[in-house]
Amino acid sequence: MKAVLIGICLGIALLIVQRGLNIDEKAFMRGYWLAAPALVLGAVVINLSYNAVYLFKLRKLARLFLDEEPKKYVEGTEALLKTAKGQRLRSLLTLNLAGGYVGAKAYDKAIVLLEGLSDKALKSAVEKVVHRINLCMSYFYTARYEAAISLYNENQQLFQRFRQDKTYGPHIALMDVIAAILNKQFDQAQALLDAAKAAHTVPQFQMAFLEVEQTLNALRDDG
């Protein structure tokens, strides 16, 4: 859109020049229709290339996250964010950086970033569900239980879309358990937890389930 607006403004400026210098209109328009699309296309290509370079670097950093090195992932993403230009790119990097903070258990830092991202900045449903999952989990692990359950309830329609997704389904299953715990439905929480542990056997998820189970047992023992 910015490239198109630049093209329109350029066209208006050139029209003023054409009239000011009394250039033949047909010759001018012929040159304009050759040059203007090339300028707009060039701006678009430069913009896409710029973003592609950053996203390529982010994908390389993602390997560190998958290798359970969230601190290195955070450091690399922070470095990218310092130099990135453009609201869209910065929003994506911020969302990924917040995920890195969650992985590093720096939940307070994640909350600051996630609360600062508006729905307008999150263009796709995937971005929205990642944002809600990380924010809900961060609220829970910092004992902001009312905020956690409120966010969970408000986004049931969104979560339902991704409940069977291989990537996001396990996280949503974990949030279902947490919601039951927060509602003091301890038997329901245990049943959901047992089902989640059986369905999602990846070690990373098993560790998360174990942490929540410890919380569940502690709260149940307290009555």
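Here, every reference points to the structure presented above.
Residues numbered from 1 in each chain as written. Predicted model: local features only at pLDDT ≥ 70, side-chain atom pairs only at ≥ 80, totals over all residues. Heavy atoms only, no water.

### Observations concerning the overall build of the chain
Our working rule: Note on conventions: DSSP H or I runs of at least 4 residues are helices, E runs of at least 2 residues are strands, and numbering of each starts at the N terminus. Each accessible area is a Shrake-Rupley result for a 1.4 Å probe, and residues are judged covered by the shown protein chains and nothing else.
Broken down by element type, the chain carries 11 helices and zero strands. Of the roughly 13,700 Å² of accessible surface on the chain, a fraction of 60% belongs to carbon and sulfur atoms.

### Details of the nonpolar core
What counts is decided by this rule: Remark: nonpolar core denotes a set of buried residues (Ala, Val, Leu, Ile, Met, Phe, Trp, Tyr, Cys) joined through side-chain atoms within 4.5 Å. Three exposure classes are used, based on accessible area relative to the maximum for each residue type with a 1.4 Å probe and protein chains only: buried under 20%, partly exposed in between, and exposed over 50%. Should any heavy atoms of two residues lie within 4.5 Å, those residues are considered in contact.
Residues Leu-93, Val-129, Ile-133 and Met-175 are the most contacted members of the largest nonpolar core, which totals 57 residues. For Val-129, the contacting residues outside a window of four places in its chain are Leu-158, Phe-159, Phe-162, Tyr-168 and Ile-172.

### Focus: the side chain of Ser-91
Following the sequence through the fold, Ser-91 ends up in helix 4 (residues 87–103). Excluding anything up to four places from it in sequence, Ser-91 contacts Leu-117 and Ala-121.

### A short note on the pattern of salt bridges
Any two side chains of opposite charge can pair, so long as their charged atoms come close to each other. Defined as follows: By salt bridge we mean one thing: a side-chain nitrogen of Lys or Arg within 4 Å of a carboxyl oxygen of Asp or Glu.
All told, the structure shown has six salt bridges when counted by the stated rule. Between Lys-105 and Glu-211 there is a salt bridge, with its nearest N and O atoms 3.2 Å apart. Note that Lys-105 is positioned in the loop between helix 4 and helix 5 (107–115) and Glu-211 in helix 11 (residues 203–222), a separation of 106 residues in sequence. Here Lys-197 and Glu-213 are joined by a salt bridge, their closest N and O atoms 3.2 Å apart. With Lys-197 in helix 10 (residues 186–199) and Glu-213 in helix 11, the pair connects residues that are 16 residues apart, well separated along the chain.

### Considering the environment of Tyr-54
Inspection of the secondary structure assignment puts Tyr-54 in helix 2 (residues 25–66). We classify Tyr-54 as buried; its relative accessible area is 9%. Through-space distance from the C-alpha of Tyr-54 to that of Leu-93 is 8.9 Å; in sequence the pair is 39 residues apart. Those residues within four positions of Tyr-54 in sequence are excluded, and the remaining contacts are Leu-80, Thr-83, Ala-84, Leu-89 and Leu-93.

### Focus: helix 11
To keep it simple, the criterion reads: Multiplying 1.5 Å by the residue count of a helix minus one yields the expected span of that helix. Directions pointing from the helix axis toward each C-beta atom define the arc.
The end-to-end C-alpha separation of helix 11 is 29 Å, in line with the 28 Å expected for 20 residues at 1.5 Å each. All of the buried residues in helix 11 are Phe-205, Ala-208, Phe-209, Val-212, Glu-213 and Leu-216. Take helix 11 and look down its axis: the buried residues cluster within an arc of 140°, on one side only. Exposed and facing more than 90 degrees away from the buried side of helix 11 are Pro-203, Met-207, Asp-221 and Asp-222. For helix 11, the secondary structure elements touched by its buried residues are helix 6 (125–141), helix 9 (169–182) and helix 10.

### A short note on the packing of aromatic side chains
Heads up, the rule is: Here a pair means two rings of Phe, Tyr or Trp (six-membered ring of Trp) with centres within 6.5 Å. Their orientation is stacked below 30 degrees between planes, edge-to-face above 60, and tilted elsewhere.
For the structure shown, the criterion picks out five aromatic pairs. Ring plane angle 20° and centroid distance 5.0 Å describe the contact between Tyr-107 and Tyr-141, whose orientation is recorded as stacked. With Tyr-107 in helix 5 and Tyr-141 in helix 6, this pair connects stretches of sequence that are 34 residues apart. Owing to a relative accessible area of 11%, Tyr-107 belongs among the buried residues under this scheme. Residue classification places Tyr-141 among the partly exposed positions, given a relative accessible area of 27%. Linked through ring pairs, Tyr-107, Phe-140, Tyr-141 and Tyr-145 together constitute an aromatic cluster.

### Remarks on the environment of Asp-187
Looking at the secondary structure, you find Asp-187 in helix 10. Separated by 33 residues in sequence, Asp-187 and Arg-220 place their C-alpha atoms 9.3 Å apart.

### Looking at helix 10
With 14 residues, helix 10 extends 20 Å from end C-alpha to end C-alpha; this agrees with the ideal 20 Å at 1.5 Å per step. For helix 10, the full list of buried residues reads Phe-186, Ala-189, Gln-190, Leu-193 and Ala-196. One side of helix 10 holds all its buried residues, which, seen down the axis, span an arc of 130°. Of the exposed residues in helix 10, the ones pointing more than 90 degrees away from its buried face are Asp-187, Ala-198 and Ala-199. On its buried face, helix 10 sits against helix 9 and helix 11.

### Examining unusual backbone geometry
Trans is the prevailing form of peptide bonds, just as negative phi is the prevailing case for residues other than glycine. A positive phi angle, near 65°, is found at Lys-105, a position not held by glycine. Its identity as a non-glycine residue notwithstanding, Ala-143 has a phi of 65°, on the positive side. Structurally, Ala-143 can be placed in the loop between helix 6 and helix 7 (145–154).

Take it as geometry only, folks, not as evidence of what the structure does.
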